[in-house]
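Each chain, letter by letter, is given below.
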Amino acid sequence: MPGLQPPPVIQIRQVTKAYGHGDATVHALRGPADPATGAPLGVTLDIEQGDFVAVMGSSGSGKSTLMNILGCLDVPSSGRYLLDGIDVGHLDESQLSLVRNRKIGFIFQSFNLVPRTTALAQVELPLAYAGVRAAERRQRALAALELVGLADRAGHKPNELSGGQQQRVAVARALVTAPAMLLADEPTGNLDSRSTEEVLSIIDRLNATGRTVVLITHEDEVAHHAKRVIRLVDGAVIQDVRQAPVQGPPPALRAYDLDGVRA
């Protein structure tokens, strides 16, 4: 029906994650404790389509565990996780791999680029895994590189690119499949201040065109770009607030979706 809101991209219900057994059990993600029993009630949250969420917390807070669950790299000990309407708890490893490829665009601190491989080929990789034909792969990869301002570097290999340019290639690779969510894990951790602003500006513009972004960070300056900040302590959400994100410079690039339609 017209006017209905789309369902949340991420729906987490009473999710816990524990490692070990008995007295050696470590509750990496637990949520609040049940007042009656003291048992962990798990983490519950929704992330809507088009939101930009920064997840913050110190070492041991549970943010890496939450990231791994959101990215379908790990499974909860209990609770449910729905990604773009799919209950990932019922999927086997082959199906999870397919979901990761089609529904999630990963951006890592260490870039994770393939040595001696051109920027264009790097961006094409997720499409190749998805079985997209060569001509379409090239067209969509070039569109993604243009979106991050690197169309003129398509033939360059990682050792011919700066750190900021390498991370922009990683951003293009993350968005080329038009995923439901961009999941960025400390994406500016290895960058200088100028490259950090360039990468964050691109992420800002992607979010402005409707991409859902979840960004893991420990830096307040990075979190200021988000619309919503979630803070974790000892495996529980202690703060979940909305904020007015910083306004970067106006887009210098024309924003296209990856089918060539203006976003």
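Coordinates for the structure precede this section.
J.: Which residues make up the pattern of salt bridges, and what values do they have?
T.: The final tally for this structure, using the stated rule, is 15 salt bridges. Put simply, Asp46 and Arg13 hold a salt bridge, and the shortest N to O gap is 2.8 Å. One end of the pair, Asp46, is in strand S3 (residues 43–47); the other, Arg13, is in strand S1 (residues 10–19), and 33 residues separate them in sequence. The partner of Asp152 in a salt bridge is Arg153, with the nearest N and O atoms 3.1 Å apart. By relative accessible area, Asp152 is classed as exposed at 55%. Arg153 sits in the partly exposed class, given a relative accessible area of 28%. The structure contains a network of salt bridges with shared partners spanning Asp51, Arg228, Asp240 and Arg242.

J.: An account of the pairing of strand S5 (residues 78–83) is requested, with residue identities and associated values reported.
T.: Sheet analysis places S1 next to S5, joined by five bridges and oriented antiparallel. Its bridge partner lying in S5, Thr16 is registered against Ser78. Counted along the chain from S5 to the antiparallel partner strand S6 (residues 86–87), the turn is two residues long, and its residue Asp84 has a positive phi close to 55°.

J.: Give a description of the packing of aromatic side chains that names residues and reports values.
T.: Per the counting criterion, the structure on display carries one aromatic pair. On the basis of an interplanar angle of 5° and a centroid distance of 5.6 Å, the ring pair of Phe106 and Phe108 is categorised as stacked. Owing to a relative accessible area of 16%, Phe106 belongs among the buried residues under this scheme. Among the residues examined, Phe108 registers a relative accessible area of 22% and is labelled partly exposed.

Rules behind the numbers
- Each chain has its residues counted from 1, running along the sequence as written.
- Under the rules for a predicted model, residues below a pLDDT of 70 receive no local features and side-chain atom pairs below 80 are neither given nor counted, while totals for whole chains, interfaces and linings still include all residues.
- Side-chain descriptors were evaluated using all non-hydrogen atoms of the structure, hydrogens and water having been removed beforehand.
- Here, a salt bridge means any side-chain nitrogen of Lys or Arg that lies within 4 Å of a carboxyl oxygen of Asp or Glu.
- We count a stretch as a helix when DSSP gives it H or I for four or more residues in a row; a strand needs E for two or more, and each element gets its number in order from the N terminus.
- Burial here depends on accessible area, computed with a 1.4 Å probe over protein chains only, as a share of the maximum for the residue type. Under 20% is buried, over 50% is exposed, and the range in between is partly exposed.
- In short, DSSP must find at least two bridges between two strands for them to pair.
- Working definition: rings of Phe, Tyr and Trp (its six-membered ring) pair if their centres are within 6.5 Å, and the pair is stacked with planes under 30 degrees apart, edge-to-face with planes over 60 apart, and tilted otherwise.

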